[in-house]
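Structural overview for review
Below, each chain spelled out in residue letters.
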Amino acid sequence: MRYSIVATAIGASLVASGAQAQRPPLVLAAASLQESLTAAADAWAKQGHVKPTISFAASSALARQVEAGAPADLFVSADEEWMNALAKKNLIVASTRVTFLGNRLVVAAPAGSRVRIPVRPPAALARVLTTGPLAMADTAVPAGRYGQASLETLGVWAQVAPRVVRAENVRATLALVERGAAPLGIVYATDAKASAKVRIAGVFPERTHPAITYPVARLKTSTNPEAEAFRRFLVSRAGKAIFTRYGFSAR
């Protein structure tokens, strides 16, 4: 009996040590996924897994970190271009790449603002967007490229461009509107939904810009066995349901 008790105690100790030694997978994710991906990681942890560590930034900055050899496990981009860039350099496991989310592009205004964004005619749209600085992500960032594409398609980019204030990513753009540094900002619908300080003043027609999609893939350098399991959870029905609660569309 005494041996059994000692053996059980030793076994429990070894299990605890193994759990403590298990390294959480590192996920590099687009800034617009902050609330939703954190919620997904929490849900994963509640199932008994080690909670993933997530680093949020512009997709462009994260892709460059991967190119520089960052020891990460998963990459979630806010567009296909930056995932394509890593694929061309053979830095992702191609079979694990899945486009699983979609989003909308909107104009955010302070919560107390009553401004409405007219899509047509171009003169009316340009007049509203040039009443003050217009916050936008840099064009190296997906949200910035989508925004410029929309404004070009709608025929107002030439008038609006001189009033644009660039930010490093979409959340930095949102912050400019939240602080009142810019009366309007081009962000994703999910970003606007995440902040009580702003409201959606207008939605860009989807035909005016490339489709806003989010691919995920495991990185070639990943050695963490939990990384693939977490990736599969994200693209599962249960995982997508978490993201749709935050305003994303499932694909």
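Figured I'd write up the structure that's included with this text.

Another point: the environment of A108. Counting through the fold element by element, A108 comes out in strand β5 (residues 105-110). Taking C-alpha positions, A108 is 32 Å from W44, a pair spaced 64 residues apart along the chain. Those residues in contact with A108 that lie beyond four places of it in its chain are V177, P183, L184, G185, V187, V198 and R199.

The next subject is the sheet that holds β5. Taking strand neighbours across the sheet as the criterion, the five strands line up as β7-β6-β8-β5-β9 in an open arrangement whose pairing is mixed. Only two strands of the sheet have a single neighbouring strand rather than two, namely β7 (164-167) and β9 (198-203). Strand-to-strand twist across the sheet, computed as the mean angle between neighbouring axes with direction ignored, equals 35°. Here β5 runs beside strand β8 (residues 184-188); their pairing, made up of four bridges, is antiparallel. Along β8, the bridge assignment pairs L105 with Y188. Contacting β5, β6 (134-137), β7, β8 and β9, helix α8 (residues 170-178) runs over the sheet at an angle of about 145° to β8.

This next bit is on the nonpolar core. One finds L33, L37, L151 and Y214 to be the most contacted residues of the largest nonpolar core, which totals 62 residues. When near neighbours in sequence (up to four residues on either side) are disregarded, L151 contacts L129, L134, M136, V156, W157, V160, I186 and F204.

Our focus in this paragraph is α8. Taken across its nine residues, α8 has seven buried, putting it largely inside the fold. Within α8 the residues assigned to the buried category are V170, R171, T173, L174, A175, L176 and V177. One or two positions beyond α8, positive phi appears at G180, with a value near 85°.

A sheet is described by the order of its strands in space; here six strands give the open sequence β2-β1-β3-β10-β4-β11, paired in mixed fashion. Because the sheet does not close on itself, it has two edges, and the strands there are β2 (53-57) and β11 (249-250). Together, β1 (26-30), β2 and β3 (74-76) form the strand contacts of helix α3 (residues 59-67), whose direction differs from that of β1 by roughly 145°.

Within an α-helix, residues lying three or four positions from one another point in the same direction, as the helix has 3.6 residues per turn. Helix length check: helix α2 (residues 34-46) (13 residues) gives 18 Å between terminal C-alpha atoms against 18 Å at 1.5 Å per residue, within 8%. Of the residues making up α2, those classed as buried are S36, L37, A39, A40, A41 and W44. For α2, the elements touching its buried residues are β1, β2, α10 (225-234) and α11 (237-245). The first or second residue beyond α2 is G48, which carries a positive phi of 100°.

Here we take up the side chain of H209. As for its placement among the helices and strands, H209 is situated in the loop between β9 and β10 (213-218). Look at H209 and you get buried, because its relative accessible area is 9%.

What follows covers the environment of A61. With respect to the secondary-structure elements, A61 resides in helix α3. Counting along the chain gives 108 residues from A61 to N169, while the straight-line C-alpha distance between them is 9.4 Å.

For the bond from R120 to P121, the omega torsion is -5°, close enough to zero to count as cis. Of note, N90 is a non-glycine position whose phi angle comes to about 60°, a positive value. Among the structural elements, N90 can be located in the loop between α4 (80-88) and β4 (98-102).

A separate point is the packing of aromatic side chains. Scanning the entire structure with this criterion turns up eight aromatic pairs. Their ring planes at 85° and their centres at 6.1 Å tell us that F243 and F248 sit as a pair that is edge-to-face. In terms of burial, F243 and F248 fall into one category: buried. These aromatic residues form a ring-pair network of at least three members: F100, Y146, Y188, Y214, F243 and F248.

Quick look at the pairing of β8 now. Counting buried residues along β8, five of its five residues qualify, which places the element largely inside the surrounding structure. Pairing of β6 with β8 involves two bridges; the strand directions are parallel. When the sheet's bridge partners are listed, L134 is paired in β8 with L184.

For β1, a buried count of four out of five residues is recorded, marking the element as mostly surrounded by other parts of the structure. Of the pairings in the sheet, the one linking β1 to β2 comprises five bridges and is parallel in character. In the sheet register, L26 faces β2, and the bridge partner there is T53. Alignment of β1 against β3, held across three bridges, turns out to be parallel. Of the residues in β3, the one forming a bridge with A29 is V76.

What counts as what
Residues numbered from 1 in each chain as written. Predicted model: local features only at pLDDT ≥ 70, side-chain atom pairs only at ≥ 80, totals over all residues. Heavy atoms only, no water. Helix = DSSP H or I, 4+ residues; strand = E, 2+ residues; numbered from the N terminus. Contact = heavy atoms within 4.5 Å. Pairing = 2+ DSSP bridges. Axes fitted to C-alpha atoms, helices over the stretch in contact; angles between N-to-C directions. Core = buried A, V, L, I, M, F, W, Y, C linked by side-chain atoms within 4.5 Å. Buried < 20%, exposed > 50% of the residue type's maximum accessible area, 1.4 Å probe, protein only. Expected span 1.5 Å × (residues − 1). Phe/Tyr/Trp six-rings, centres within 6.5 Å; stacked < 30°, edge-to-face > 60°.

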